[in-house]
Amino acid sequence: MRVRSKDEDSVMDLLKACARKKDLLSGIKIHEDVLKRGLLGKKHSVASSLISMYAKCGDLAKAWELHEELHVRGVVSWSILIAGYAQLGRGHEAINCFEQMQNEGLSPDAITFTCILKACSITRSIEKGEEIHDMIVDRGFVDKDIVLSNALIDMYAKCGVFGKAKQVLEGLRIRKVVSWNALISGYASHKQGHEALDCLERMQNEGVFPDAITFSCILKACGSMKEIEKGKHVHEKIVSLGLLDGNVVLGNALIDMYVKCGVLEKAHQVLEVIPLRDVVSWSILMAGYVEQGKVHETLECFDLMRNEGIVADVVIFACILKACGSLGDLSKGTQLHDEIVRRGFVKKNVMLGNALVDMYVNCGMLEKAQKVHDELLVRTLYCSNSLIVGYAQHKNGHEAMNYIQKMQSEGLSPDWITYICIPEACGNIGSIEKGEVFMMRV
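Cut-offs applied
Residues numbered from 1 in each chain as written. Predicted model: local features only at pLDDT ≥ 70, side-chain atom pairs only at ≥ 80, totals over all residues. Heavy atoms only, no water. Axes fitted to C-alpha atoms, helices over the stretch in contact; angles between N-to-C directions. Helix = DSSP H or I, 4+ residues; strand = E, 2+ residues; numbered from the N terminus. Parallel < 35°, antiparallel > 145°, perpendicular 65-115°, else oblique. Left-handed = near helix turned anticlockwise from the far one by under 90°. Contact = heavy atoms within 4.5 Å. Nonpolar A, V, L, I, M, F, W, Y, C, P; charged D, E, K, R; others polar. Salt bridge = Lys/Arg side-chain N within 4 Å of Asp/Glu carboxyl O. Buried < 20%, exposed > 50% of the residue type's maximum accessible area, 1.4 Å probe, protein only. Core = buried A, V, L, I, M, F, W, Y, C linked by side-chain atoms within 4.5 Å. Phe/Tyr/Trp six-rings, centres within 6.5 Å; stacked < 30°, edge-to-face > 60°.

**Q** For this particular structure, what's the right way to read the packing of helix H17 (residues 279–291) against helix H19 (residues 314–327)?
**A** As a packed pair, H17 and H19 sit with axes 9 Å apart at the nearest point and diverge in direction by 30 degrees. Regarding the angle of H17 to H19, the classification is roughly parallel. The handedness of the crossing between H17 and H19 comes out as left-handed. Residues Val279, Trp282, Ser283, Met286, Ala287 and Val290 of H17 form the contact with H19, whose participating residues are Val315, Ile316, Cys319, Ile320 and Lys322. When grouped by side-chain class, the residues that make up the contact of H17 with H19 number nine nonpolar, one polar and one charged.

In structure tokens form, the structure reads like this:
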């Protein structure tokens, strides 16, 4: 067994710190230093630490490049890559890595299996997940590794295969809160609220106490079922246990539950009293106000949020643009447009592009709406329809018809909203017959 030098240990500790802080720039500098000092040997543990640093910092291309340069690749380096792809939501690449690793004759360990199960969850690859489950059973890992068992429950629950998820859970000698949470989270995500509540009851009957994650999932279930009374009871329990202190995720789950149940005053009260609130807290509340048509309250929330020094995200901008459109507040909408452009959001985010077009259409600024629409890198049917509806309603039938044809030339097929606009647009230009012919053609 080769003993590592102090230099190696020091470099590996520094790389772990960079990975933990997501400090890619410092990691690159350490990599350069490693090369200068000749510490990157063909079978060196420093190489694995570098691969891990790049993977955890999100530079998977560089991680892969280093991995490919290794003369001998082991389970550790493959597992690091698989974990990196899975953590960034790139499940298919993770599965490809897993298959390549096996083709090289390497046998996965418990860590590899845990990471690849996460990839199966992301891609909803239930057949691959079942194949991996069989491999895990063959190697006798299920009874030995609770983390791996929890990953199996989570994979089946996220894929909606609850019979298998319950089977794995019931096969555990000791069922802890993490295992129950995996199943409850799956039920909540698939809007099977009653089943989530049943799980909570069973868990408590076994003497397992819920934690903040359990309550977050249960609140999601209550919201999906509009179970306001149950939600209030859970709220009281959370407060009595002091779980809201410093837990912004749980606070946001409470706000979301009240919003989903349509009790926006209570949602606002929760936001005001929780010890920690962030941009997500405000976006949940504002989206609720917009959905109920309470545009003045939406704008008031926006001002309050900014007074706290919180920077708006794309969800909040979309909500405020909708509010501006509803009020016909072109001045405010234009200011927001300028800010969105400065932050580089428009070309990257389809939702914001749609919201901007909608806002200008509702404010009667069709030329501006068209300009925004035409500059978008990705144009959706929703966005095109907004513009077509605007032209039809403002008695500009020629432009409406032109945009229907342009939409089709870009590969977008008309839907029922588009069809509704055709008679109105043709009526505006005095050609109902043209509309009938056009509808037969599309």
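**Q** I tried to follow the pattern of salt bridges on my own but got confused; where do I start?
**A** Using the criterion set out here, one finds 16 salt bridges in the structure. Close ionic contact of Arg73 with Glu104 constitutes a salt bridge, the shortest N to O distance being 2.7 Å. Taken together, the residues Arg73 in the loop between helix H4 (60–69) and helix H5 (75–87) and Glu104 in the loop between helix H6 (91–103) and helix H7 (110–123) connect sequence positions 31 residues apart. Under the relative-accessibility criterion, Glu104 is labelled partly exposed at 38%. Overlapping salt bridges, with partners in common, bring together Glu68, Arg73 and Glu104 in one network.

**Q** What am I meant to see in the nonpolar core here?
**A** Across soluble globular proteins, nonpolar side chains have a tendency to be buried as a group. Counting 139 residues, the largest nonpolar core has Phe113, Ile116, Ile255 and Met286 as its most contacted members. No other element matches H19, which puts nine residues into this core. With residues up to four places along the chain from it excluded, the contact list for Ile255 reads Ala267, Val270, Leu271, Ile274, Ser281, Ile284 and Leu285.

**Q** What is the right way to read the packing of aromatic side chains from this model?
**A** For the structure on display, the rule yields five aromatic pairs. Plain terms: the ring middles of Trp64 and Trp78 are 6.0 Å apart, the flat faces sit at 65 degrees to each other, and that makes the pair edge-to-face. Here Trp78 lies in helix H5 and Trp64 lies in helix H4, a separation of 14 residues in the sequence. Between the aromatic rings of Phe98 and Phe113, the centroid separation amounts to 6.3 Å while the plane-to-plane angle is 55 degrees, which identifies the pairing as tilted. Within this pair, whereas Phe98 is found in helix H6, its partner Phe113 is found in helix H7, the two being separated by 15 residues in sequence. Each member of the pair Phe98 and Phe113 is classed as buried. Members of the aromatic cluster, each reached through a chain of ring pairs, are Phe98, Phe113 and Phe141.

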